[in-house]
Structure formats: C-alpha cells, structure tokens
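Tertiary structure, described
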Amino acid sequence: MVTADRSDLLRRIAARIPGAMGAGRAMRRLIAPDLRAIGKLRREQPGALFQPFPTTFEDRYPELFDALAARLAHIERPRVLSFGCADGAEARSLRRWLPKAEITGIDINPRAIAEARRRLALDPDPAIRFELAADVAGEPAESYDAVLALAVFRHGELERDRPENCAAIMPFARFAGGVAMLDRIVKPGGWLVIWNSHFRLADTPLAPAYAAQTLPWSESAPMVLHYGPDDRRSEQAYAEVLFRKDG
Ligand SMILES: C[S@@+](CC[C@H](N)C(=O)[O-])C[C@H]1O[C@@H](n2cnc3c(N)ncnc32)[C@H](O)[C@@H]1O
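Below you will find a few notes about this structure.

**Considering the side chain of His 155**
Among the structural elements, His 155 can be located in the loop between β4 (144-150) and α6 (156-161). His 155 gets classed as buried once you look at its relative accessible area, which sits at 4%. Leaving out residues up to four positions away in the same chain, His 155 has contacts with Arg 42, Phe 50, Gln 51, Pro 52, Phe 53, Ile 169, Met 170 and His 198.

In structure tokens, the structure reads:
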C-alpha cells in the first residue's frame, strides 16, 4: 500500500526527474478507468467475480492451443468459448490455431468487452463475437465443443499474499459454482480447459464427469499454489488442464 507519506516522497523524487511528473500523470489517466471498472465490479458483483485483473496477451498458451486444436480437428466448425476473455487477445489467438472455429469471448468487465469489440471492428471476423458475462446465462445448454477458463479461477491477491485461507478473497465455493455454470454449456464429449487457476476441478463434485489430461510437454511450470474445498492453502504441483466431458 502506498501511504500518504510515501506518495508525497515519491512525488518529490519524481519532481526532480525531468518528465517524470508528466509521465506519472499520463500513466494514472491511462490506468485509472480500468481500476475504477474493477472497483465497480467488486462492489456490485462480488459473488460473481473471479480474477478481477484483465491481464492478457496474444498467444499466451501456445502448447495448450496446439493440444486443443488437435482434439478439435475432427469437428468441421468447432464452437469455442473464451470465458474471461479480457480484451479479446485469447479469442484472436485461438483464431490462428482454429481457423474454422466460431469463437465467443465473454467477460464480466464491460470495459474489457468494449475494448475487445473495438479491436474486432478494426480487424473484422464474422466468426468471433464478444459478449458480457451476464449474457452467458442465456446461452443454450451444451453449446460449446470447448470452454476455456484461463487465468480466470485465480486471484492476484492470493498469488501475492498466499493466505492460509482463501475465503475472504475468493472462496472455493465460488469456483465450484463457476465450473458448474460452465459445465452446463460444454457439449457431451467436449472440452473444459482450466489453467492458471488457484483451484482444481478434481476437488469439485464435477470431477467424475470429466477425464483429466495433463500437458507433460508444456513449457509452462505446473501450478503449485491452490485452495481446496475447505478454502485452505495447499502447495503441491498439478498439471491437469484439459478435461473431456463424458459423452
Ligand atoms: C487475467 S484475465 C484472463 C484473460 C485471458 N483468459 C488470459 O488467460 O490471458 C481474467 C479475466 O476474467 C474476467 N472475469 C472475472 N470474473 C468473471 C466472470 N464471472 N465472468 C466472466 N469473466 C470474468 C476478468 O474481468 C478478466 O478480464
């Protein structure tokens, strides 16, 4: 936390560096609307919000996308959902791996969806759409061949503070509710893809309905920090990422 004293000190230091004050103001202007949007979500939808921070980038999980493309190769026009799509980088990346897919990106953050749509307008793709999360409630059951929740079932504050118990930040029950909602829209025989998560599908009642696969060839380090159904911290490497629904 930056206290008043510290921020005063930082301001005084910045005042001595040519251009630093202006750059600091520009930076604040740039990020403040994003922080305000996250604050609003935290106030208004605390029970629905998973990772609030919209960090993302293009081609973030190349080996995972390779693996998914191989598993969907037999489907002429696979339907794929990027749940927690942020600014749409994941959906745009998936297009390179799945040229014939219909890709939907969904996010709870209206600013993220606006940005994803703005970028889509610059480079139109009739088989990509971006929607606010509230609208996924209207998605017909068993709609998608693959549903990806990457860096969504986690929280920056769990990573930073590693508390013994996650309940005050993101309880396990919220994750279990989230995967139950996603399960509804995965087709039988389809794929649920969960990675970069602080919770494991294996710990939910849904686990018996899915066959888990790992990515032993992944360049990514396996996940370690996670929280169990009792909300307590556990540190044990796990790498299950692709889950095939019984069908
Ligand atoms: C770290 S970003 C992940 C972006 C992308 N999936 C990736 O891995 O690069 C997490 C995103 O999840 C979104 N999110 C959090 N809770 C959500 C919810 N209930 N429904 C949809 N999106 C949600 C956040 O708004 C944020 O944009």
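From this point, the discussion proceeds with the structure in view.
**Side note on the site of the ligand**
Around the ligand, 21 residues are found, and the nearest of them are Ala 48, Thr 56, Tyr 61, Glu 90 and Asp 107. Taking Ala 48, its main chain carries an N or O atom lying 2.7 Å from a nitrogen atom of the ligand. Residue Arg 60 places a side-chain N or O atom 2.8 Å away from an oxygen atom belonging to the ligand. Protein coverage of the free-state accessible area of the ligand, which is 610 Å², stands at 98%. Structurally, the ligand is housed in the largest pocket. Along the lines of polarity and charge, the residues of the shell around the ligand split into 13 nonpolar, five polar and three charged.

**Details of the nonpolar core**
Formed by 33 residues in total, the largest nonpolar core has its most connected members in Phe 83, Val 147, Phe 153, Leu 182, Leu 192, Phe 199 and Leu 201. Taken together, the elements giving at least two residues each to this core come down to β1 (79-83), β4, α7 (172-185), β5 (186-195) and β7 (223-227). A per-element tally of this core places α7 first, with six residues. Beyond its immediate sequence surroundings of up to four residues, Phe 83 is in contact with Phe 50, Ile 106, Leu 148, Ala 149, Leu 150, Val 152, Phe 153, Met 181 and Leu 182. Grouped together as the second largest cluster of nonpolar side chains are 31 residues, Leu 94, Ile 128, Trp 195 and Leu 215 included.

**Notes on the layout of surface pockets**
One number sums up the size of the largest pocket: a volume of about 570 Å³. What lines the largest pocket is a set of 35 residues, and nearest its centre among them are Phe 50, Gln 51, Gly 84, Asp 107 and Val 152. Looking at the lining of the largest pocket, the elements with two or more residues in it are β2 (102-107) and α7. Looking at the lining of the largest pocket, the element that brings in the most residues is α7, giving four residues. Its residues placed into classes, the lining of the largest pocket shows 20 nonpolar, 10 polar and five charged.

Conventions adopted
Residues numbered from 1 in each chain as written. Predicted model: local features only at pLDDT ≥ 70, side-chain atom pairs only at ≥ 80, totals over all residues. Heavy atoms only, no water. Helix = DSSP H or I, 4+ residues; strand = E, 2+ residues; numbered from the N terminus. Buried < 20%, exposed > 50% of the residue type's maximum accessible area, 1.4 Å probe, protein only. Contact = heavy atoms within 4.5 Å. Near = heavy atom within 4 Å. Polar contact = N/O pair within 3.5 Å; in protein donor to acceptor, adjacent residues only side chain to side chain. Areas by Shrake-Rupley, 256 points an atom, 1.4 Å probe, with all protein chains shown as cover. 1 Å grid on protein atoms, 1.4 Å probe; cavity = no way out; pocket = protein on both sides within 12 Å on 5 of 7 lines; lining within 4 Å. Sits in = over half its atoms within 2 Å of the grid points. Nonpolar A, V, L, I, M, F, W, Y, C, P; charged D, E, K, R; others polar. Core = buried A, V, L, I, M, F, W, Y, C linked by side-chain atoms within 4.5 Å. Points joined across faces, edges and corners; volume = space filled by probe spheres on them.

By themselves, these observations are geometric and do not establish any function.
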